[in-house]
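What follows is the residue order along each chain.
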Amino acid sequence: MTGEKRYLDLAKFFLDVRGYGDEYSQNHKKVTEQNEVVGHAVRACYMYSAMADVAALTGADSYVSALKNLWNEVIAGKVYITGGIGSAGSNEGFTEAYDLPNFSAYCETCSSIAFALWNQRMFQLTGDAQYIDVLERTLYNALNAGLALKGDHFFYPNPLESRKNMERTPWFSCACCPPNMARFFTSLPGYIYAKRENTVYVNLFATSETTVKNVNSIGQTVPVTISQNANFP
Ligand SMILES: [Zn+2]
């Protein structure tokens, strides 16, 4: 926001100081040596998002290669068909690969938001659509499930199976998810389109309109308006 390098340096310090603690807080190895997603799922994806931001601003290739390893590992065996992550309630997070029970699935709403934040940044780093495919799956099938259609009841865990023992509630004593939903949905317009030089990316099929400035074949900057009509909620 400010362009002041000291904030970026401090952010990088908080990442590079890791490597002496536990898996729960992704402090078990240097971040550049981490190649398995472990511990608390929300903390994990917030940290990976920070790594992507720092890499974007500093060109830290060691961060990018670690992030690609982590992403491949989570996609290979630690993500539900809904795009939800973090199967265990005991650590609000990851267990071993392929441990994806339906009835006891944790899939905290905040972890879906955190996974979307991380995937958006991986897309912004690379321009690769595979990250948007995952973001879209998580958005519509895991993240959205945390909010009732009326907008006033919430899930904290999002199990894939229920024996009439799970209903959304108006609030929780640990109320991280409802305000996180408010933050995420108000930022959603920023996820629909992207632009790099003269390439425009249409990432989500949502009713929307945007205008981008492109340079035409004779070097003039011209506005290009894109609009979409869709019946997604
Ligand atoms: Zn939460």
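Rules behind the numbers
- Residues numbered from 1 in each chain as written.
- Predicted model: local features only at pLDDT ≥ 70, side-chain atom pairs only at ≥ 80, totals over all residues.
- Heavy atoms only, no water.
- Domains from an automatic or database assignment.
- Contact = heavy atoms within 4.5 Å.
- Buried area = accessible area lost by both parts, 1.4 Å probe.
- Salt bridge = Lys/Arg side-chain N within 4 Å of Asp/Glu carboxyl O.
- Helix = DSSP H or I, 4+ residues; strand = E, 2+ residues; numbered from the N terminus.
- Core = buried A, V, L, I, M, F, W, Y, C linked by side-chain atoms within 4.5 Å.
- Buried < 20%, exposed > 50% of the residue type's maximum accessible area, 1.4 Å probe, protein only.

Caption draft 1: The domain arrangement of the chain, seen in detail. As assigned here, the chain comprises domain 1 (5-187) and domain 2 (191-233). Computed over C-alpha atoms only, the centres of domain 1 and domain 2 are separated by 28 Å. Opposite the 16 residues of domain 1 that make contact, domain 2 presents nine residues. Regarding the contact of domain 1 and domain 2, the summed buried area is about 1000 Å², with carbon and sulfur atoms giving 62% of it. Summed over the three residues of domain 1 that lose the most area to domain 2, namely Phe 123, Glu 136 and Tyr 140, the buried surface amounts to 40% of that side. The tally of links between domain 1 and domain 2 comes to zero salt bridges. Within the residue set of the side of domain 1 that touches domain 2, elements represented by two or more residues are helix 4 (109-126), helix 5 (129-143) and helix 6 (177-187).

Caption draft 2: Quick look at the nonpolar core. Formed by 54 residues in total, the largest nonpolar core has its most connected members in Tyr 48, Met 51, Tyr 63, Ile 85, Phe 115, Trp 118 and Phe 184. Of all the secondary-structure elements, those providing two or more residues to this core are helix 2 (41-58), helix 3 (61-77), helix 4, helix 5, helix 6, helix 7 (189-192) and strand 1 (193-196). When residues of this core are assigned to their parent elements, the largest contribution, 10 residues, is made by helix 2. If you count residues domain by domain, this core takes at least three from each of domain 1 (5-187) and domain 2 (191-233). Sequence-distant contacts of Tyr 63, defined by excluding residues within four places in its chain, comprise Lys 12, Leu 15, Asp 16, Val 31, Thr 32, Met 51, Val 54 and Ala 55.

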